[in-house]
Amino acid sequence: MDYMAGWRVARAAADQVNLALLAAEFDPSQLRAVASTDDVGRGVVRLVGAPGAAVRLAGLLAGLVDDDGGTL
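S.K.: Honestly, the pattern of salt bridges in this entry has me stumped. Any pointers?
M.R.: Scanning the model with the defined rule gives 2 salt bridges in all. Note that aspartate 15 and arginine 11 form a salt bridge whose closest N and O atoms lie 3.0 Å from each other. Pair noted here: aspartate 15 and arginine 11 are both in helix H1 (residues 3-23), with a separation of 4 residues, about one helical turn. According to the relative accessible area criterion, arginine 11 is partly exposed, its value standing at 39%. For aspartate 38, the salt bridge goes to arginine 42, with nearest N and O atoms at 2.7 Å. Owing to a relative accessible area of 18%, aspartate 38 belongs among the buried residues under this scheme. The exposed category is assigned to arginine 42, whose relative accessible area is 55%.

Next up, the structure:
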């Protein structure tokens, strides 16, 4: 299995998420995206961080959804 190919795709996605988190003023030591692979070599992006930062992110994401469940 080509784990490196999956990891490279995940790394590019994690970099984009991390840039967005920085733009939203998250401290990388508190919340960051990490590239990885699953057991068959597919890319996976995981969010790693402090519970408080995860709750803050959840609040920001919830604010992007309107009352009908659609995005604003």
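S.K.: How do you make sense of the packing of aromatic side chains when you look at a structure like this?
M.R.: Geometrically, a pair of aromatic rings is defined through the distance of the ring centres and the angle of the planes. What the rule picks out here adds up to 0 aromatic pairs. Geometry around phenylalanine 26 places arginine 56 over its ring, the cationic atom sitting 4.0 Å from the centre.

The rules we used
- Residues numbered from 1 in each chain as written.
- Predicted model: local features only at pLDDT ≥ 70, side-chain atom pairs only at ≥ 80, totals over all residues.
- Heavy atoms only, no water.
- Salt bridge = Lys/Arg side-chain N within 4 Å of Asp/Glu carboxyl O.
- Helix = DSSP H or I, 4+ residues; strand = E, 2+ residues; numbered from the N terminus.
- Buried < 20%, exposed > 50% of the residue type's maximum accessible area, 1.4 Å probe, protein only.
- Phe/Tyr/Trp six-rings, centres within 6.5 Å; stacked < 30°, edge-to-face > 60°.
- Lys NZ or Arg CZ within 6 Å of the ring centre and 35° of its normal.

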